[in-house]
Amino acid sequence: MKKIIAVFVSAMLFVLPMTNTFAQDTAEPIKEKARSLASELVSKYGASGVQYAIMDQGNIVLSDSVGVKNKATNEPITKDTMFGIGSTSKMYVSAATMMLVDAHKVDIDQPLTTYIKDFKMSDERYKQITPRMLLNHSSGLYGAHYKNSMLFNDNDTENHDELLLRLQSETLKSNPGEYSVYTNDGFQLLEILVERVSGLSYTDFLAKHISTPLGLKSTKTPLDQFDRQKLSKTYFPAVEGALPVENANVIGTGGLYSTAEEVAMFSEVLTGNRPDILSAQSAKSMKSHEYRNGIWVPEETNSFNYGLGWDAVQLAPFSDYGITALSKGGDTVLYHSTLITIPEHHISMAVLSSGGSSILDSIFASNILLEVLKDKGIIKDIIPEKTFEPPVKVEMPSDLLFYSGLYGSVGTTINVEIKNGEFDLPAFLDGFVPAQKYVYTGNGQFKSSDGSVAISFDKQKNGKTYIKANLYLNFPGLGQMVMVTYEYQKLDANPVNPIVKKAWENRNGKNYYALDEKISSIFYLAPSFITKKISFDHDGYASGTKIVDENKAVNAVEIPVMSGRDAFDLNFYTKDGSEYLTIDGQSYISEDAVKPILGGKSVYTIPSNGQATWYKIDKNSADKTMTIDFPTSGGFAVYDENGAVVQFSTASNNNSVVLPKGGLIVLGGNAGDVFKINLN
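Residues numbered from 1 in each chain as written. Predicted model: local features only at pLDDT ≥ 70, side-chain atom pairs only at ≥ 80, totals over all residues. Heavy atoms only, no water.

Enquirer: An account of helix α6 (residues 185-198) is requested, with residue identities and associated values reported.
Expert: Helical geometry note: an α-helix holds 3.6 residues per turn, so side chains three or four residues apart project in the same direction. The end-to-end C-alpha distance of α6, which contains 14 residues, comes to 20 Å, matching closely the 20 Å that a straight helix rising 1.5 Å per residue would cover. For α6, a buried count of 10 out of 14 residues is recorded, marking the element as mostly surrounded by other parts of the structure. Every buried residue belonging to α6 is among Asp185, Gly186, Phe187, Gln188, Leu189, Leu190, Glu191, Ile192, Leu193 and Val194, and all of these are buried. On the buried face of α6, the contacting elements are α3 (90-102), α4 (131-135), α5 (158-167), α7 (202-214) and α8 (251-254). The positive-phi residue at the C-terminal boundary of α6 is glycine 199, with phi of around 80°. (Helix = DSSP H or I, 4+ residues; strand = E, 2+ residues; numbered from the N terminus. Expected span 1.5 Å × (residues − 1). Buried < 20%, exposed > 50% of the residue type's maximum accessible area, 1.4 Å probe, protein only. Contact = heavy atoms within 4.5 Å.)

Enquirer: Account for the nonpolar core, with residues named and values stated.
Expert: Counting 195 residues, the largest nonpolar core has Phe364, Trp504 and Trp614 as the members making the most contacts within it. With 10 residues, the single largest contributor to this core is helix α11 (residues 358-375). Beyond its immediate chain neighbours, meaning those up to four positions away, tryptophan 504 contacts Ile534, Phe536, Ala542, Ile547, Asp549, Glu550, Asn551, Lys552, Ala553, Leu570 and Phe572. Formed by 17 residues, the second largest nonpolar core is a distinct cluster that contains Ile665, Leu667, Ile677 and Leu679. (Core = buried A, V, L, I, M, F, W, Y, C linked by side-chain atoms within 4.5 Å.)

Enquirer: Give a detailed account of unusual backbone geometry, specifying residues and quantitative values.
Expert: In the segment running from alanine 316 into proline 317, the intervening peptide bond is cis, with an omega of 10°. In this fold, proline 317 is placed in the loop between α10 (280-286) and β8 (326-331). One non-glycine residue, leucine 429, adopts positive backbone phi at about 55°. Its place among the elements puts leucine 429 in the loop between β13 (422-425) and β14 (436-442). Of note, the phi angle at aspartate 576 is positive, near 50°, even though the residue is not glycine. With respect to the helices and strands, the residue aspartate 576 is situated in the loop between β25 (570-575) and β26 (578-583). The exposure class of aspartate 576 is exposed, given its relative accessible area of 75%.

Enquirer: For the sheet that holds strand β3 (residues 75-76), give the residues involved together with the corresponding values.
Expert: Across the sheet, 6 strands lie side by side as β3-β2-β1-β10-β9-β8; this open sheet has antiparallel pairing. Edge strands, defined here as strands with exactly one partner in the open sheet, are β3 and β8. Sheet topology places strand β1 (residues 49-56) next to strand β10 (residues 347-354); 8 bridges connect them, and they run antiparallel. Directly across from glutamine 51, in β10, lies its bridge partner leucine 352. Of the strands in this sheet, β1, β8, β9 (335-342) and β10 are in contact with α11, which crosses β9 at around 30°. (Pairing = 2+ DSSP bridges. Axes fitted to C-alpha atoms, helices over the stretch in contact; angles between N-to-C directions.)

Shown next as structure tokens:
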């Protein structure tokens, strides 16, 4: 879910007070350093509350928090306050899978169809997919099905229940095992595997085989019965007050709630210190360097190097000290988390936050764990953060001009024109790296204006050429993180005939709006996830996909690490004179088919197919107050001309809004729901 982060980080900056400490045995300077960094997350980086815990030799030695659980009451966060932990949940389904390995019920190198017999895809290569490939992100699956996965006060299991059906009509983007790229659907399939093999629901499996033996009281799924008031409140600038409870209904991928102490306690399972739950051998297997089995960036110093479930099995900066650290980060729309564990020294730290991001939580945890290692005498000194100088441009070899051309990543195609030793790249890494110019500095590298980002071109053994980014992210007052990723893949020319070209030119710049997302979906707060804008490139590509004919375009890239994730195809069709788009089985309607909302008093009904309906705000309705009466199963959202949410009834419980000029309205609910609208 990391693509969501930038939308919310930039919008959610507010200052909140610190809460009482629960520190136990950790040295006082470390406690103070932790509180100082956590305060930075709250005051500067969009978190409303941060909770963290350190486990050392099997004991919680530091448990503390900053910020508040509830802004309205200033209620403090306690050690029992619960947060969503996002993709850190993947470690639980990974452990569950390996527990079945221990029980000799699963072999992770056998075909997945051995355990999920009704798993089928239209691409025959699916038969080669194994549980190991799901665990190390190398299955070749497109990435994720997000439809109705993130809902307010709604634990609908549709996403889980329909996944196998949706995959039946889909293909793979690469050969299974060829390379690893972050894939959410793989962990949804592992959830189904655990259910099929164990005979238990995944929620019940976790409760019986993990939470009960560990004594975890606050590790729950959306399907559990528990007091939702224990959850830390979440916020969004366009909505007054706290938001409803977030349900991440992709439980294996990112649906768990927990506390920092309980996540730290669970780390004992992952490091082999609870052989009654998971064998030491399975824990050791999970930290194997799986990323090396396929195509990967050559640099070893990185924040990403996949194991089985783990994001990193030799996390930087700990690798600079010769210390093995394992990490997993997680992001839903509103909650964020990280778990870092150092097995050889039996130390772990968990950080959970409402607002912010897992990247920021990880930097915080890394810095504190380095202080712990220094305090114990395991490391002598903490290596200073990298510093950078503006680049000095040198003459570029002419053969590098070869790398000019068309490049793509998921959702985007760009033209790279290398001229006079310089070229431009748009923003990437969810905007953490801004759009800027890169200049040639020698050794095949082009650097950013501050020197913190080095760009080069790398031709891999699969014959594909990638734009590689070696970068350091600097967050003032918090710290630094290193990443090495492939951001773009060089594309071959894809000439299309004039008829095909004309069809796609007609779509260029047009928006298509989601019809199948429930009105309880959190994605209505971030319309970029329910709106698809088509961009046509004259080299035969559109929105990062390769055009096949007038109405179809397919994923064009195979990029390891992160930037090749969540791939998609575009399929257009016309019905009753309106054009529709389907992506991952979800339907979108063209902006050309969206009609203006009527003035005065009017009645609208959700159609029999249950799809949402969209309306334009034209000059006749702009600046008028709209009041809507609708059933409890319904709701609406209003956006301004720039796509920013103005009102979302599911989150605000408000049924009245002044309509912005050039904006949009979406109505959603059950089939037959009636909306009585009054404009005055």
